[in-house]
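# A closer look at the structure
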Amino acid sequence: LVSFPTETVYGLGCHALDQIAVQKVFDAKERPLSDPLIVHVTKSEDALQLWAASSSTDSTASGTDDTNDNIMQQQQIEKRALTTLTQHFFPGPLTLVARAHPTIPQILMANTGYVACRSPSHPVARALIDAAE
(Lines give C-alpha, C1' and ligand atoms only; values in the text may rest on other atoms or scores of the structure.)
Protein backbone atom coordinates (compact mmCIF):
# COMPACT_ATOMS: atom_id res chain seq x y z
CA LEU A 1 0.00 0.00 0.00
CA VAL A 2 1.13 3.53 -0.68
CA SER A 3 -0.18 6.98 0.21
CA PHE A 4 0.05 9.60 -2.53
CA PRO A 5 -1.18 13.13 -3.26
CA THR A 6 -3.77 13.98 -5.90
CA GLU A 7 -5.24 17.38 -6.83
CA THR A 8 -7.68 17.31 -3.93
CA VAL A 9 -6.72 14.71 -1.29
CA TYR A 10 -4.13 12.13 -0.34
CA GLY A 11 -5.06 8.68 -1.56
CA LEU A 12 -4.22 5.22 -0.32
CA GLY A 13 -3.47 3.00 -3.25
CA CYS A 14 -2.24 -0.33 -4.54
CA HIS A 15 -2.07 -2.26 -7.79
CA ALA A 16 -5.74 -2.16 -8.82
CA LEU A 17 -5.77 -5.61 -10.43
CA ASP A 18 -4.30 -7.37 -7.38
CA GLN A 19 -7.31 -8.58 -5.37
CA ILE A 20 -5.29 -9.16 -2.19
CA ALA A 21 -3.82 -5.64 -2.35
CA VAL A 22 -7.26 -4.16 -3.04
CA GLN A 23 -8.64 -5.97 0.02
CA LYS A 24 -5.83 -4.43 2.09
CA VAL A 25 -6.91 -0.94 0.97
CA PHE A 26 -10.48 -1.66 2.05
CA ASP A 27 -9.21 -3.00 5.39
CA ALA A 28 -6.80 -0.11 6.05
CA LYS A 29 -9.43 2.52 5.25
CA GLU A 30 -12.17 0.57 7.04
CA ARG A 31 -14.09 1.13 3.82
CA PRO A 32 -17.21 -0.96 3.22
CA LEU A 33 -16.89 -3.44 0.34
CA SER A 34 -20.01 -1.83 -1.14
CA ASP A 35 -18.04 1.38 -1.83
CA PRO A 36 -15.91 0.85 -4.98
CA LEU A 37 -12.39 2.19 -5.43
CA ILE A 38 -11.13 4.47 -8.20
CA VAL A 39 -8.37 3.26 -10.50
CA HIS A 40 -5.72 5.90 -11.19
CA VAL A 41 -3.94 5.85 -14.56
CA THR A 42 -1.61 8.18 -16.42
CA LYS A 43 -2.66 7.35 -19.97
CA SER A 44 -6.08 7.27 -21.62
CA GLU A 45 -5.18 3.90 -23.16
CA ASP A 46 -4.76 2.37 -19.69
CA ALA A 47 -8.24 3.48 -18.65
CA LEU A 48 -9.78 2.26 -21.90
CA GLN A 49 -8.35 -1.22 -21.31
CA LEU A 50 -10.25 -1.39 -18.01
CA TRP A 51 -13.62 -0.67 -19.62
CA ALA A 52 -15.81 -3.21 -21.44
CA ALA A 53 -16.32 -0.89 -24.40
CA SER A 54 -12.73 -1.59 -25.41
CA SER A 55 -13.13 -5.37 -25.41
CA SER A 56 -14.74 -7.61 -27.96
CA THR A 57 -15.92 -10.18 -25.40
CA ASP A 58 -19.44 -8.74 -25.14
CA SER A 59 -20.01 -9.10 -28.88
CA THR A 60 -20.34 -12.86 -28.50
CA ALA A 61 -23.61 -12.55 -26.61
CA SER A 62 -26.26 -15.09 -27.44
CA GLY A 63 -29.09 -13.84 -29.58
CA THR A 64 -29.85 -12.85 -33.12
CA ASP A 65 -27.42 -11.24 -35.51
CA ASP A 66 -29.40 -7.99 -35.08
CA THR A 67 -28.89 -8.17 -31.32
CA ASN A 68 -25.15 -8.76 -31.72
CA ASP A 69 -24.93 -5.90 -34.23
CA ASN A 70 -26.70 -3.60 -31.76
CA ILE A 71 -24.33 -4.62 -28.96
CA MET A 72 -21.30 -4.00 -31.17
CA GLN A 73 -22.66 -0.63 -32.28
CA GLN A 74 -23.32 0.38 -28.67
CA GLN A 75 -19.76 -0.62 -27.72
CA GLN A 76 -18.32 1.44 -30.57
CA ILE A 77 -20.29 4.50 -29.50
CA GLU A 78 -19.30 4.02 -25.86
CA LYS A 79 -15.63 3.56 -26.79
CA ARG A 80 -15.66 6.75 -28.91
CA ALA A 81 -17.28 8.69 -26.07
CA LEU A 82 -14.81 7.40 -23.48
CA THR A 83 -11.87 8.06 -25.81
CA THR A 84 -13.03 11.63 -26.41
CA LEU A 85 -13.60 12.28 -22.70
CA THR A 86 -10.23 10.88 -21.64
CA GLN A 87 -8.41 12.79 -24.37
CA HIS A 88 -9.99 16.08 -23.26
CA PHE A 89 -10.13 15.71 -19.47
CA PHE A 90 -7.19 13.46 -18.53
CA PRO A 91 -5.13 14.31 -16.60
CA GLY A 92 -7.32 16.16 -14.15
CA PRO A 93 -9.79 15.75 -11.31
CA LEU A 94 -12.50 14.07 -13.42
CA THR A 95 -13.46 10.45 -12.66
CA LEU A 96 -15.14 8.50 -15.45
CA VAL A 97 -17.27 5.43 -14.71
CA ALA A 98 -18.10 2.82 -17.33
CA ARG A 99 -18.92 -0.88 -17.64
CA ALA A 100 -15.89 -2.86 -16.53
CA HIS A 101 -13.86 -5.22 -18.67
CA PRO A 102 -14.57 -8.82 -17.59
CA THR A 103 -11.05 -9.19 -16.14
CA ILE A 104 -11.54 -6.48 -13.49
CA PRO A 105 -11.70 -7.90 -9.95
CA GLN A 106 -15.21 -7.72 -8.52
CA ILE A 107 -13.91 -6.40 -5.19
CA LEU A 108 -12.47 -3.31 -6.91
CA MET A 109 -15.85 -2.32 -8.32
CA ALA A 110 -17.94 -3.49 -5.35
CA ASN A 111 -19.67 -6.08 -7.56
CA THR A 112 -21.36 -3.31 -9.57
CA GLY A 113 -19.98 -4.25 -12.97
CA TYR A 114 -18.66 -0.69 -13.37
CA VAL A 115 -15.15 0.65 -12.85
CA ALA A 116 -14.14 4.23 -12.12
CA CYS A 117 -10.95 5.67 -13.63
CA ARG A 118 -9.19 8.98 -13.35
CA SER A 119 -5.84 10.41 -14.28
CA PRO A 120 -4.43 12.71 -11.61
CA SER A 121 -2.39 15.70 -12.71
CA HIS A 122 -0.27 15.81 -9.55
CA PRO A 123 3.33 15.05 -10.62
CA VAL A 124 4.05 12.79 -7.63
CA ALA A 125 0.92 10.71 -8.27
CA ARG A 126 1.76 10.42 -11.97
CA ALA A 127 5.37 9.38 -11.28
CA LEU A 128 4.21 6.78 -8.77
CA ILE A 129 1.64 5.31 -11.17
CA ASP A 130 4.16 5.17 -14.01
CA ALA A 131 6.76 3.52 -11.76
CA ALA A 132 4.22 0.88 -10.70
CA GLU A 133 3.52 -0.28 -14.26
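From a predicted model like this one, the values you see are computed outputs, not experimental measurements. (Residues numbered from 1 in each chain as written. Predicted model: local features only at pLDDT ≥ 70, side-chain atom pairs only at ≥ 80, totals over all residues. Heavy atoms only, no water.)

Further remarks concern the overall build of the protein chain. If you tally the helices and strands in the protein chain, you get 4 helices and 5 strands. In the protein chain, the succession of α and β elements from N to C terminus is β-β-α-β-α-α-β-β-α. The globule rule puts the C-alpha radius of gyration for 133 residues at 14 Å, and the 16 Å found for the protein chain is close to it. Based on the C-alpha atoms only, the size of the protein chain along its principal axes is roughly 50 × 30 × 20 Å. Looking at the 133 residues of the protein chain, the share that counts as buried comes to 36%. Seen as two clouds, the 9 positive and the 14 negative side-chain charges of the protein chain have centres 6 Å apart. (Helix = DSSP H or I, 4+ residues; strand = E, 2+ residues; numbered from the N terminus. Rg over C-alpha atoms; globule rule 2.2 N^0.38 Å. Buried < 20%, exposed > 50% of the residue type's maximum accessible area, 1.4 Å probe, protein only. Lys, Arg positive; Asp, Glu negative; His and termini not counted. Charge placed at Lys NZ, Arg CZ, Asp CG, Glu CD.)

What follows deals with the side chain of H101. The topology assignment puts H101 in the loop between β4 (92-99) and β5 (114-119). Of the polar contacts made by the side chain of H101, one reaches the side chain of T103; its length is 2.8 Å. (Polar contact = N/O pair within 3.5 Å; in protein donor to acceptor, adjacent residues only side chain to side chain.)

Under the criterion given, the structure shown has 4 salt bridges. In this structure, the salt-bridge partner of K43 is D46, at a minimum N-O distance of 3.4 Å. (Salt bridge = Lys/Arg side-chain N within 4 Å of Asp/Glu carboxyl O.)

In this fold, R99 is placed in strand β4. A residue is classified by how much of its surface remains accessible, and R99, at 23% relative accessible area, is partly exposed. In this structure, the C-alpha to C-alpha distance between R99 and A53, residues 46 residues apart in sequence, is 7.2 Å. A polar atom in the side chain of R99 sits 2.8 Å from the side chain of E78.

Reading across from one edge, β3-β5-β4 is the order of the 3 strands in this open sheet, with mixed pairing throughout. The outermost strands of the open sheet, each flanked by one partner alone, are β3 (38-40) and β4. The average undirected angle you get between the axes of adjacent strands in this sheet is 30°. As paired elements, β4 and β5 share 6 bridges and run antiparallel to each other. Looking at the pairing, T95 lines up with R118 of β5. (Pairing = 2+ DSSP bridges. Axes fitted to C-alpha atoms, helices over the stretch in contact; angles between N-to-C directions.)

Mapped onto the elements of the fold, S44 is located in helix α2 (residues 44-50). The buried category is assigned to S44, whose relative accessible area is 14%. Contacts of S44, omitting those with residues within four sequence positions, involve T86, Q87 and F90. (Contact = heavy atoms within 4.5 Å.)

For helix α3 (residues 65-89), with 25 residues, the first-to-last C-alpha span of 36 Å sits near the 36 Å given by 1.5 Å per residue. Residues N68, Q75, E78, L82 and T86 constitute the buried set of α3. Check the buried side of α3 and you find it contacts α2 and β4. (Expected span 1.5 Å × (residues − 1).)

Let us now look at unusual backbone geometry. The amide bond that connects F90 to the next residue, P91, takes the cis arrangement and shows omega of -10°. Mapped onto the secondary structure, P91 falls in the loop between α3 and β4. Even without being a glycine, A110 presents a positive backbone phi close to 55°. If you trace the backbone, A110 turns up in the loop between β4 and β5. A positive phi is found at N111, a non-glycine position, where the angle reads about 60°.

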